[in-house]
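Letter by letter, the chains look like this.
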Amino acid sequence: MTHDLVVRNGRAVLPGAGLCAADIAVADGRIAAVTAPGAAGSAQDELDADGLVVLPGLVDPHVHFGLGHPDDWATESRAAAQGGVTTVLNYVQSSSPYTEAEPAERALAASTSVIDWATHPIVMSEEHLRELPDLVREHDVHSFKYFANFKGDEGAYMGVEGTDTGFFFALCRAVAAFPDVVLAVHPENIETIWRILPEVKATGAEGLPAWNAARPDFVEAHDIFTALLFAHRTGCRIYIPHLTNREGLEVIRRHTADGWRAHVETCPHYLTHTAESDVGSLGKVNPPLRTQDDVDALWEGLADGSIQTVGSDHNSRPRAKKEGSIWTASAGFPGVNTLLPVMLGEGHHRRGLPLERIAELTATNPARIFGLHPTKGSIVPGADADLVLVDLDREETVDASRSESRSDFSIYEGRRLRGWPVATLRRGAVIARDGEVLAEPGTGRHVRRVPAGAAAPALEPSR
Ligand SMILES: [Zn+2]
């Protein structure tokens, strides 16, 4: 038979088999066959991947499209495509009911996104709690988020009602009614921060070290423990996003060794930057950048399986909102476009992280945890033909002006990284090549979740 496309002569990262010389045949947007080189047969189109590595298109489990700007889907999805990301899970934040906000978000993404997506609604009110079962049953929602740091008045500026630990417990109980639904928890104990932060600020301290001191590692570990305990007692499937530090990792290791369960994510910036990094208030983020010992701990966690995913926590903030005092600068920064180069340059080349592990962390595991596998996340017949062709030896200096993101800076600006995507395929279509985006707006799609129970992954560390 004649396929639509064959990606020939590449070395593909295949599940269970590692890096293999392979041809990948595509028909109707899906992977039709993965064969020995030369055995895929004829095709209308060919893509020569000689000298390149073929990874599954990245599934970024953590982006905030719409938080920086209402039109983020148009721009940030293009930045994602440049970086080899073919699916994102977006945190949707609304003070309206999600039975209204979720369809509106999907319509917005459908009109402009060049990549595929699913969402995590952020549960912020009693009304959100009440409508949760309906969202799962009627709206194909598979994951939610809770901001443990927006208790009391903390989230008022974002329209977040005052919540408390009891609300969090009730949310865990509500999610536990659905065995494969996942609750992501932003863990920072705000009550302790309310006590510490004013003390640090009063000393006149500035910069990233002050931000780290005001929201220290143990306040994160505290709420990680609370999340693990509630998950253990309710049966809720819990996901710890953006782990930053050794203390938190040790809490997770200690309790998962006892049979408690959690999925764990870290972000590129916690693997590359510390509070001492020379990026000033551009590096302000919650939770904060930590220490070199924490950076080392997180790389160990990625290698040994205690951490299962890496997400960008992408936010399209402009530089103008990031400058000035650490106490008033906005938190968050862009990262969806540099996620893969950072994992290849700093992870594979510098720390020896195997490419198979990078594929698991950035595609297979997020897809499995959030109900998108096997449609997304692996190079296997039947999956969507989401592929990223990588030149492992290409060296480039990060230059924010080349990103299609609305944001105008990068915390990696000027950093030389080795290993870059040269082509991104979404359902068989080349949507980016050598940094140029080729896709039309509105060609991305919402990804249906795999039905309950069909592919629920083990919660234990995968290895
Ligand atoms: Zn985030």
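Thresholds applied
- Residues numbered from 1 in each chain as written.
- Predicted model: local features only at pLDDT ≥ 70, side-chain atom pairs only at ≥ 80, totals over all residues.
- Heavy atoms only, no water.
- UniProt positions renumbered as here; feature names shortened; annotations may be inferred.
- Domains from an automatic or database assignment.
- Contact = heavy atoms within 4.5 Å.
- Buried area = accessible area lost by both parts, 1.4 Å probe.
- Salt bridge = Lys/Arg side-chain N within 4 Å of Asp/Glu carboxyl O.
- Polar contact = N/O pair within 3.5 Å; in protein donor to acceptor, adjacent residues only side chain to side chain.
- Helix = DSSP H or I, 4+ residues; strand = E, 2+ residues; numbered from the N terminus.
- Nonpolar A, V, L, I, M, F, W, Y, C, P; charged D, E, K, R; others polar.

Labelled according to an unreviewed UniProt entry, the protein appears under the name L-hydantoinase, originating from Capillimicrobium parvum. In the Sequence similarities (unreviewed entry) part of its UniProt record, the protein is described as follows: "Belongs to the metallo-dependent hydrolases superfamily. Hydantoinase/dihydropyrimidinase family."

**Student:** If you had to explain the domain arrangement of the protein to someone new, which residues and values would you point to?
**Tutor:** A common way to report how large an interface is uses the accessible area buried once the components associate. Under the domain assignment, the protein is made up of domain 1 (3-54 + 383-392 + 415-437) and domain 2 (57-369). A C-alpha centroid distance of 30 Å is found between domain 1 and domain 2. If you look at the interface, domain 1 gives 24 residues, while domain 2 gives 25 residues. Both sides of the domain 1 and domain 2 interface together cover about 2000 Å² of buried area, and 65% of this is carbon and sulfur. On the domain 1 side of the contact with domain 2, R415, L417 and V437 bury the most area, a combined 25% of that side's loss. Connecting domain 1 to domain 2 are two salt bridges. Run the count over domain 1 and domain 2 and you get nine residue pairs in polar contact (both at pLDDT 80 or more). Among the secondary structure elements, those contributing two or more residues to the side of domain 1 that touches domain 2 are β2 (18-27), β14 (387-397), β15 (416-426) and β16 (429-433). Among the elements that take part in the side of domain 1 that touches domain 2, β15 stands out by supplying eight residues, more than any other. Its residues assigned to classes, the side of domain 1 that touches domain 2 shows 14 nonpolar, four polar and six charged.

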